[in-house]
Amino acid sequence: KSTRLDSKENESKKLPIYLHKATLIQAVTDNTFLVVTGETGSGKTTQLPKYLYQAGFCKDGKIGITQPRRVAAITVAQRVAQEMQCTLGKEVGYQVRFDDCTSQSTVVKYMTDGCLLREILADAVLPQYSVVILDEVHERSLNTDILLGLLKKRFSNPAKATKGRSFPLKVVVMSATLETDKLSAFLGDCPVFVIPGRTFPVTCAFGFAVGPKDLESTGYIKEVVKVALEVHTSEMAGDILVFLTGQSEIERACDLLYEKAESIDYRYDVQDQTMEGLLILPLYGSMPTDQQKQIFQPPPAGIRKCVVATNIAATSLTIDGVKYIIDSGFVKQLNHNSRVGMDILEVVPISKSEAQQRAGRAGRTSAGKCFRIYTKEFWEKSMPEYTVPEIQRTSLTAVILTLKCLGVHDVIRFPYPDCPEERFILEALKQLYQFDAIDRRGRVTKLGELMVEFPLHPGLTRALLKAASLGCQDLLLPVAAMLSVENIFIRPGHPEKQKEADQNHRALAAKSGSMNDFATLLSVFQSCKSSDRPSAWCKDNWIHWRALKSAFSVETQLREILLRLQQKRDFPVETFEGNKSELFRRCLCTGYFTNVARRSVGKVFCTMDGHGSMVHVHPSSSLFDQEDKLNWILFHDVLVTSRVYVRTACPIRYEWVKDLLPKLHEVDVYELSSVARE
Ligand code: ADP
Ligand code: MG
């Protein structure tokens with residue numbers, strides 16, 4: 001065993017960052033703020049925390065490292081624990097939403113940026129930390145941007161910086177590329193430490209398959225598979241990394257690849273004589289971690305590795321040995337959709353800088369090749385220069401509430417690294433007002449202080465708190481948990497199997513006794529929980545057991561948060577007369593009255609939030625094909641294709657939202673905006 005660990009240690013000594021260990025430690029010692037930049041794979045994420053630990057930075061407090069992506073936090077923590085020869089969760093641990101793998105002895109803590117934001121909420125000066133490292137800052141995730149602003153505000157003034165702390169905090173900001181001058185300027189012209197990298201040339205070729213007119217089609221999956229096989233059969237040894245957008249298409253591509261790779265005749269087809277096979281590995285966020293470990297292992301001799309990944313492999317994780325990149329040109333992104341007034345996950349063209357980043361992954365250890373399946377015209381006409389920061393394209397409701405709870409009253413003049421448009425800030429304030437989280441003067445209400453404790457969408461939190469005040473949290477806690485994990489319903493790609501799954505899912509909905517998708521979620525949760533063999537139960541019912549297992553854990557955690565809050569003296573208490581089904585849906589109305597639609601003609605509903613969008617019921621909903629019996633519905637989210645579909649919905653009565661709907665129009669955003677500036 002020790003030889004294996006020794007070799008890991010030697011491996012890490014070969015990383016570019018190793019030569020700069022001493023100067024880097026010195027730079028952190030000398031500065032409050034430091035920007036560190038270097039090529040992806042140079043060792044920033046895995047090595048710097050280790051160096052600081054070895055240099056004694058953990059004597060007074062912990063080292064915290066944030067990642068925008070939860071898989072990255074988990075995977076990197078595993079790796080570093082191995083390198084430091086400790087059990088994960090002891091000296092080295094991680095924390096992501098609903099999954100805490102740390103202990104009393106944890107001193108190097110990897111976490112998502114959302115987790116650190118929650119810790120700031122608990123204590124703004126972060127007394128438990130000696131060093132905070134914001135990693136992957138170039139990704140410009142919403143939470144990382146907010147953290148940058150908060151840390152600058154709190155710690156850039158030397159007089160304020162040590163208030164409430166016994167020793168000063170060190171802030172290190174790490175970024176793969178670009179914009180480091182801007183970052184340094186933002187942080188008061190702090191020094192920039194550049195880790196010189198070695199990269200090899202990557203030749204890029206454009207394809208013919210995807211042009212500017214193909215934005216809506218998913219034909220790129222087949223094309224990617226075709227190109228991957230061409231590379232496998234005609235290029236010299238070296239692993240392949242394919243970029244697609246998400247789990248379902250990655251699994252489809254892997255199935256296709258597997259099918260086709262079976263029939264390759266290695267005696268004649270492969271140029272490299274020793275080639276004997278293709279090892280196909282998917283890589284996406286919600287993948288089981290034991291499966292993820294394989295990604296990093298070198299393939300057996302004579303076998304070529306082909307990793308089919310989401311954007312996570314662009315900068316967060318580095319896979320050694322990759323020589324060929326196949327770039328689909330697309331990414332899944334959360335964007336605010338002004339047509340429906342909600343944030344929606346959509347597949348969009350990547351930016352040119354993103355495409356360059358992807359290509360660069362082929363040139364880490366030797367010269368490489370990047371095959372773009374899109375045309376030069378697509379590059380010129382459909383791809384933006386840079387990726388727009390998340391803060392400028394998604395809903396700010398939760399973040400603005402967090403800022404308000406941190407005492408940042410003027411949310412318009414907060415030091416954002418890039419300012420969101422004022423109308424997005426106003427939209428967030430309006431929503432918070434509608435949920436009773438802030439009052440007309442923009443001050444956080446008692447309810448708002450309760451709401452901020454939950455790592456959920458504010459609407460869902462609002463419904464949950466309503467239920468808790470009525471003593472029926474057992475209806476909403478499982479639902480909130482089920483809506484917080486990945487989709488629990490299995491959707492097989494095969495049409496026959498899909499039919500069978502659909503039938504099973506409809507039966508589950510019927511079992512819940514009402515035409516209500518939220519009730520179905522509750523019923524699935526309860527049936528499985530009370531089953532003797534829950535995993536078998538899931539298999540029989542086409543339910544993802546792993547997802548449901550996380551829902552169980554999430555429910556417990558939400559229940560704990562709620563219990564803690566209910567022990568407070570002034571937790572609201574209300575009463576209600578009526579049956580359970582009505583009670584359930586009325587609680588939902590309190591949080592989802594922003595997502596209410598009324599049937600207009602035929603099967604078409606019209607939303608009531610002022611956007612007046614025309615929406616349809618999605619075929620996966622138990623309300624599908626029952627539209628003519630319905631007048632008013634409420635929904636959790638929407639799917640936008642050529643039409644707008646509502647998913648996870650239930651019928652409601654107008655009387656239940658009658659008093660709530662006017663709130664959607666009553667707020668004067670100008671009043672809120674003048675208050676926001678005070
Ligand atoms: P950076 O943060 O500068 O992009 P990293 O510290 O993430 O660089 O990666 C440094 C090296 O560590 C890379 O060569 C990568 O392949 C290796 N590495 C990182 N995580 C793992 C892992 N889980 N298993 C094996 N190797 C890993
Ligand atoms: Mg990194």
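To keep things clear, this report deals only with the structure shown in the data block.

Rules used in this analysis
- Residues numbered from 1 in each chain as written.
- Chains lettered and ligands numbered in written order.
- Predicted model: local features only at pLDDT ≥ 70, side-chain atom pairs only at ≥ 80, totals over all residues.
- Heavy atoms only, no water.
- Helix = DSSP H or I, 4+ residues; strand = E, 2+ residues; numbered from the N terminus.
- Rg over C-alpha atoms; globule rule 2.2 N^0.38 Å.
- Buried < 20%, exposed > 50% of the residue type's maximum accessible area, 1.4 Å probe, protein only.
- Contact = heavy atoms within 4.5 Å.
- Areas by Shrake-Rupley, 256 points an atom, 1.4 Å probe, with all protein chains shown as cover.
- Axes fitted to C-alpha atoms, helices over the stretch in contact; angles between N-to-C directions.
- Parallel < 35°, antiparallel > 145°, perpendicular 65-115°, else oblique.
- Left-handed = near helix turned anticlockwise from the far one by under 90°.
- Nonpolar A, V, L, I, M, F, W, Y, C, P; charged D, E, K, R; others polar.
- Near = heavy atom within 4 Å.
- Polar contact = N/O pair within 3.5 Å; in protein donor to acceptor, adjacent residues only side chain to side chain.

1. What to know about the overall build of the protein
In terms of regular secondary structure, the protein is built from 26 helices and 21 strands. In terms of overall size, the protein behaves like a compact globule, its C-alpha atoms giving a radius of gyration of 26 Å where 678 residues would be expected to give roughly 26 Å. Overall size of the protein, expressed as C-alpha extent along the three principal axes, is 75 × 65 × 55 Å. Taking all 678 residues of the protein together, 56% fall into the buried category. Expressed as a percentage of contacts within the protein between residues at least 6 apart in sequence, the contacts between residues at least 24 apart total 74%. Of the accessible surface of the protein, which amounts to about 30100 Å², a share of 50% is contributed by carbon and sulfur atoms.

2. Looking at the packing of helix α4 (residues 70–83) against helix α11 (residues 289–296)
Contact pair α4 / α11: the axes reach a minimum separation of 11 Å and the direction vectors enclose 65 degrees. It follows from the interaxial angle that α4 and α11 lie roughly perpendicular. At the point where α4 passes α11, the crossing takes the right-handed sense. The segment α4 lies against α11, with V71, I74, T75 and Q78 engaging T289, Q292, K293 and F296. Its residues placed into classes, the contact of α4 with α11 shows three nonpolar, four polar and one charged.

3. Here we look at the site of ligand 1
Taken together, 15 residues sit near ligand 1, with G41, K44, T45, T46 and T318 positioned nearest. T45 places a side-chain nitrogen or oxygen 2.6 Å from an oxygen atom of ligand 1. A distance of 2.6 Å is found between an oxygen atom of ligand 1 and a side-chain nitrogen or oxygen belonging to T46. When the free accessible area of ligand 1 is taken as 560 Å², the share hidden by the protein chains comes to 92%. Counting residues per element, the ones that place at least two in the shell around ligand 1 are α3 (44–54) and α4. With three residues, the top contributor of residues to the shell around ligand 1 is α3. Residue classes in the shell around ligand 1 are distributed as two nonpolar, eight polar and five charged.

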